[in-house]
Amino acid sequence: MRIRRILAAVIATAALAGLGLTGAATATAASLTPGECEQGGGTVNWATNTCKGGMFDGQMVD
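Residues numbered from 1 in each chain as written. Predicted model: local features only at pLDDT ≥ 70, side-chain atom pairs only at ≥ 80, totals over all residues. Heavy atoms only, no water.

(A) Spotlight on the overall build of the protein. Looking only at helices and strands, the protein features two helices and four strands. When the elements of the protein are put in sequence order from the N terminus, they spell out α-β-α-β-β-β. Out of the 62 residues in the protein, the part that is buried amounts to 15%. Here the analysis covers contacts within the protein between residues at least 6 apart in sequence; of these, 26% occur between residues at least 24 apart. (Helix = DSSP H or I, 4+ residues; strand = E, 2+ residues; numbered from the N terminus. Buried < 20%, exposed > 50% of the residue type's maximum accessible area, 1.4 Å probe, protein only. Contact = heavy atoms within 4.5 Å.)

Put into C-alpha cells, the structure is as follows:
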C-alpha cells in the first residue's frame, strides 16, 4: 500500500511538472522575430505585425 501511494505521488508530480513546462513554452512562443517568420516559410506583414504564410501564419511579429 505504501509503495502505491509513493508511486502515485511521483507520477502526479511528474505530470504537474510536465504541464508547467508546456505552459512556459507556450508563453514564450507568443511572438516571433522576423527571421523566425521567414525561416518558417512566411513573410512579415508590417502593416499588421503578423507573419503571413508558412508554419507561423497569423502569429504576431516583434
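Next comes the rest of the description.
(B) Structural detail: the state of the cysteines. Counted by the stated rule, this structure contains one disulfide. Across the disulfide from C37 sits C51; the S-S distance is 2.0 Å. The disulfide joining C37 to C51 has a torsion of about 85° about its S-S bond and is therefore right-handed. Remark: C51 occurs in strand β3 (residues 50-52) and C37 occurs in helix α2 (residues 34-39); sequence separation between them is 14 residues. By relative accessible area, C37 is classed as buried at 0%. For C51, a relative accessible area of 1% corresponds to the buried category. (Disulfide = S-S within 2.5 Å.)

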